[in-house]
Amino acid sequence: MSLRSDIHALRREPWVALTVAVVFAVLALFVAYPLLRVCVACVTGADGGFTSEHLSRLFTRWHFVRPILNSLLLGSIVAVCGTAVGFLLAFAVTRTNPPLRGTLRRLATLPIIAPPFVIALSAILLFGRNGIVVRDLLLERGGVDLYAHGFDIYGLGGLALVETLSYFPTAFLLLAGVLAAIDPSLEEAAMSLGASRLRTFVKVTLPLAAPGLFASLLLIFIESLADFGNPLILGGRFNVLSVQAYLQITGNDDQAGGSALALVLLVPSLLVYALQAALLERRSFVTVTGKPARLGGVSVSGTGRAVVGVSSALIVGAVVLFYGLVLYGSLVTLWGVDGTLTLSNFKSAFAISRRDVWDSVLLAALSTPVSAIFALVAAYLIERKRFPGRRAMELLSMLTFAVPGTVVGIGYVLAFSRPPLVLTGTAAIIVALLGFRNAPVGMKAASSALKQIDKSLEEAAANLGAPPWRTFARVTLPLLAPALFSSLTYSFVRAMTAVSAVIFVVSGSWNLLTVAILGFVESSELSRAAALSVILVAIVLAVFEGMRLALRRAFPGRFSEV
Amino acid sequence: MSVRLSNLVKEFTDPRGKKVRAVAGVSLEVSEGELVTLLGPSGCGKTTTLRMVAGFEEPTAGEISIHGRDVTREPPHRRNTPMVFQSYALFPHLSVRENAAFGLLQKGVEKSAARGRVDAMAEAMGLLDLLDRSPHQLSGGQQQRVALLRALVTEPKVLLFDEPLSNLDAQMRVAMREEIRRVLRKHAITAIYVTHDQDEAMVLSDRIVVMEKGRVAQVGAPREVYARPASRFVASFLGEASFVPCEVRHRGAGSLVLDGPLGAMAIADPGLPRGALRATLVVRPESVSLAGGGSLPGRVRSTSYLGHEARYEVAVNGLVLPVRVANPLVGGILAEGAEVSVSIEPRAVHALAEDQ
C-alpha cells in the first residue's frame, strides 16, 4: 500500500493515470474551487487585500448574530423531534411487524423524493390566516381566532413542524437499519433473564441504538441548517442562516457578508462529514450474526404495539395530509377568497411557467448523465484501482453532498462570474451544479455495488483472455447497471426538486420550476404555487415509478430499491 | 415433573399467506435435574419448540407447564428460563461482569449480593479473570462460557440451550460440551438442549428427543435411540445405517429369525407387529466384521483410510454395505477388489417393521 507501489501500479496502466488526472481536475474546478472562493471572499476587503471585517460582523452585528442563533435553535429542535419521530417509525417497522409494512415504509420516505418546500406550502394552506384549520374550522365554525392569541405559522414553531416532517425520513432510514441489525437474541436474552419488555427496551435496545440516534441527531441538525426552501417560505421574521446569506447576496449585493454567513453554514457540515467518515472506518458497534433477523416476536407487548401503531399511523397520516392538501389547494379557484374547484390554476400557472417546466426537465435530464458518468468513473477508480490520492478523491467527490446548497450556490456565483471561466447566465452552470451536486448519490450506489461484485469475477474474465476494457464493458458494467440506474433516477429527482443551490445561478434565460413555485408563494398566489407543485410532483413520481418498473423488467431479481 | 409440554402446535404464516406447521403436536415431560436434547435436521421444529418453552413464541395450541404451573401465556421474563444462544447474545454495551449480573439485578437482588454470586460462580467456572473485560475482547469459547455463567448464576428452574456450540471450532466444541455436562450435573440443573449434532446429543443427554417434520420421532436414552431406532429416519439421522429387506422365518418368545440377502439370522424381537411377514434389518457399519470366519463372501469396492479407522464399501450378495474397522493398522488395510468373508454380529443389529 505504499506510495511507491501505488505509483508503480499506475506506470503499468497509463490510462488509469490519465483518468485519475482528469477526475482530479474536474473535482478541483467544480468542487474545490467554488468552496475556496467562498472562503477567500470572507477575508477579502473592497481593496482586494486581507480583512477580518466580514468575519467579525458575524459576532457583532445583530442581523448576523440573530440568524446564527436562530439556525442553531431551529436545528436543535428539529434534530430532536425528527429523530424521535424517525425512531418511532423505525421501531414500528422493525419490531412490531405492522400490517401494510411496505406501504408504511414508502409513505415514511415520501418526503425524500418530494420537493423540499411542499410541506411548507401545505402548512400555509392549513394554518395560515386563510388556512383550513385556522379560518374554516376554528374561526368560522368555532369562533376562535388563533392569530389573535399570538399564533403564527410563520416563524419558529411552523418551521420546526415543517422541517420535522421533511427530515424525519433521514432518521427513519438510518434507525431502521440500526434496529434491524440488532440481533433479536440480545433482547430475548434479556427477557429470558427476567427483564420485562420495558426494561429490555431501556437497558438493551436503546443503548445499542444509541450510536444511530446520535448520528441521526447530527444529520438532521445539518439538514435543518442547510434547509433553504422551507425557511424562505415560512420563516417570516424568524431569519435563519441560509436565507440571510441569500438575502445578503441577492438583496443587499453584499457578497462578502453572504460568504461569511455561508462559512458558518459550512463549518458544522464539514465537521459532521469528517466525523462520519472517521466513524465509518472504525468497527461498527452493532452486532450482526448469521441468523436472519426475526420480525415481530414477543419483544413488544400488545399495548406497546397499539401505542406504536397508532402514533405511526398519525405521523404517516400527517405526511399524506400535507401532500394531499397541495393537490386540493391547486384545485381551489383563489385560495382564501373563492373556494370553488377548478382546473384553471393549472392552465394559468402552466401558461406563465411553461418555459420553467421545460427548462427544469431539460436541465435535470442533462445533469443526470453528468452525475452518472462521473460517479461511475470515480467509484470504479476508488474501489478497484490503486493510485496516490485515492482517499482524497473519495472525500472530495463526496463533499458536495455534505456541503449545504446555499454554500455551493454562492461558491458557483463567485467562481464562475468572472474570468477565467465565465458561466453565469448559461445552462452550463446549472447543469454542472446539479450534475456534481448529485454525483455522490450515484457514487455511493456504484461503490457499494462494486464492493458486492467479487473481484474474482473480473479476474475470471481477464483469465479467460478479456482485455481490461472488455472486462469492464462485458462484466463489471452489466453487474453495476441496476444499482447505477436506480441511483440515476434519484439524481434526476433531486435535480428536479433542487432549490437551495440553483437559486443562485438561475437567470432570465434559464429558470427552474422550483424557483418559479417559490415566486408564486412569495406573491401569495398559493393556488398557482400548489398547481405547479402538483405538476412537479407528478413529473417526479412518473419518472420514479416509470424507472422502477423499467428496471424491474430489465433486471428481474437484481434490482435494488433506492 | 419439571417441564411438561402437552400437544404443542405452532403455525406460522409464510409471506404468501400460507399456513406452515413448524411444530405439529409435541408432548414431552422433563424430570427434575434431567438434560433432554431435541435433535433433528434443520426445519424439524426443535428450535421453535424451545422458543415456545422460553416464551419467545406463543403456541398456536397446546400447553406448557413448568413445575406444575401453566406458563403457556406467560411473557418470557416471568418464566425463569434463561437461554444460552447460538450467537451467545452477550450485551456488547456491558462488561462481562455486568452481563453476568444482568439476570440477578432484574430479580431485585442487591448489587453487592449479585456481585458476590457472580464472583463465586465465575471462580467455579474459571472465568474470574475475564469479568472486567468487554465481550468483544473474548474468544468464541470464552463468550459461550460467559453466556453459560450469565444463565447459571440466576439459579434457573430450567436452562435452555439453542445450538450453543455450533459457532465454535471442532476442538472447542468438544471441550465446551464436557464443561456444560460437568456444570449441569454439578448443579443438578434441568435443561433442554437443541442441537443438530448427534455427537453432542449422545454425549450430553440423559434422554434424546429425535424430531422430524414438527413431530417427535423417538424419545429415549442415547444408547436406546442408537441401538433400537424407531424408524429408518431415526436410524439414519443418528449414525450411519444400511437397511436390508428380510422375510420373517420364525418367531419365538422374544426372538426372531430373519432371512434375506445376508443369510438367516436370529435376533432379539424388537416388537414387530403381530403376524408381520417382512421386516427391515438395520445394520450399522461397525457391526459388520471383515476379520474372517464369516459365512458371506464379499468384495471390497472402495477403501478410505482415516487414521483411527478404515472405511470400506463391501459388495455382498447384491447389496453394498458400508463397513468401519477401528485401528486398521493392526489387521492391515484391505485393497480395493479384495475378496473378504463378511460376518455380522446379531446382538448389534435391529429390525424395523416394513413401514417404519
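Our subject is the structure that appears above.
Residues numbered from 1 in each chain as written. Chains lettered and ligands numbered in written order. Predicted model: local features only at pLDDT ≥ 70, side-chain atom pairs only at ≥ 80, totals over all residues. Heavy atoms only, no water.

1. Some words on the pattern of salt bridges
A side chain of one charge can pair with a side chain of the opposite charge if their charged atoms are brought near each other.
Residue and element names in this part refer to chain B.
Working step 1: In total, this model carries 31 salt bridges over all chains according to the counting rule given.
Working step 2: Measuring nitrogen to oxygen at the nearest pair gives 2.4 Å for the salt bridge that ties Arg-4 to Glu-29. Taken as a pair, Arg-4 in strand β1 (residues 3–13) and Glu-29 in strand β2 (residues 19–30) lie far apart in primary sequence, 25 residues in all.
Working step 3: Note on Arg-4: relative accessible area 37%, which makes it partly exposed.
Working step 4: Under the relative-accessibility criterion, Glu-29 is labelled partly exposed at 33%.
Working step 5: Between Asp-132 and Arg-97 there is a salt bridge, and its shortest N-O distance comes to 3.3 Å. Of this pair, Asp-132 sits in the loop between α3 (111–124) and α4 (140–152) while Arg-97 sits in helix α2 (residues 96–106), placing them 35 residues apart in sequence.
Working step 6: Three or more residues joined by partner-sharing salt bridges are found here, namely Glu-240, Glu-309, Arg-311 and Arg-324. (Salt bridge = Lys/Arg side-chain N within 4 Å of Asp/Glu carboxyl O. Helix = DSSP H or I, 4+ residues; strand = E, 2+ residues; numbered from the N terminus. Buried < 20%, exposed > 50% of the residue type's maximum accessible area, 1.4 Å probe, protein only.)

2. Focus: the sheet that holds strand β7 (residues 159–162) of chain B
All names here are of chain B.
Working step 1: Spatially, β6-β7-β8-β3-β9-β10 is the arrangement adopted by the six strands of the open sheet, whose pairing is mixed. Only two strands of the sheet have a single neighbouring strand rather than two, namely β6 (83–84) and β10 (215–220).
Working step 2: As defined by bridge partners, strand β3 (residues 35–39) adjoins strand β9 (residues 207–212) across four bridges and the pair is classed as parallel. Bridge pairing in β9 places Leu-39 opposite Val-210. (Pairing = 2+ DSSP bridges.)

3. Comments concerning the packing of aromatic side chains
All names here are of chain A.
Working step 1: Evaluation of the coordinates by the stated rule reveals 17 aromatic pairs over all chains.
Working step 2: A ring pair is formed by Phe-228 and Tyr-246, whose centres lie 5.0 Å apart and whose planes are at 80°; its orientation type is edge-to-face. Here Tyr-246 lies in helix α13 (residues 241–250) and Phe-228 lies in the loop between α11 (197–226) and α12 (229–234), a separation of 18 residues in the sequence. Residue Phe-228 shares its accessibility class with Tyr-246, and that shared class is buried. (Phe/Tyr/Trp six-rings, centres within 6.5 Å; stacked < 30°, edge-to-face > 60°.)

4. Remarks on unusual backbone geometry
All names here are of chain B.
Working step 1: Even without glycine at this site, Ala-188 takes up a positive phi of about 50°.
Working step 2: Within the secondary structure, Ala-188 sits in the loop between α5 (170–186) and β8 (191–195).
Working step 3: Residue Asn-317 is not a glycine yet carries a positive backbone phi of 50°.
Working step 4: For Asn-317, the position within the fold is in the loop between β17 (309–316) and β18 (319–326).

5. Focus on the interface of chain A and chain B
Working step 1: On the chain B side, the residues contacting the 26 residues of chain A number 25 residues.
Working step 2: Taken together, the two surfaces of chain A and chain B that pack against each other cover about 2,200 Å², and 66% of this comes from carbon and sulfur.
Working step 3: There are one salt bridge connecting chain A and chain B.
Working step 4: We note a salt bridge from A:Glu188 to B:Arg51, for which the minimum N-O separation is 2.7 Å.
Working step 5: The tally of links between chain A and chain B comes to six residue pairs in polar contact (both at pLDDT 80 or more).
Working step 6: Taken together, the elements giving at least two residues each to the side of chain A that touches chain B come down to α10 (184–192) and α11 of chain A.
Working step 7: With seven residues, α10(A) is the largest single contributor of residues to the side of chain A that touches chain B. (Contact = heavy atoms within 4.5 Å. Buried area = accessible area lost by both parts, 1.4 Å probe. Polar contact = N/O pair within 3.5 Å; in protein donor to acceptor, adjacent residues only side chain to side chain.)

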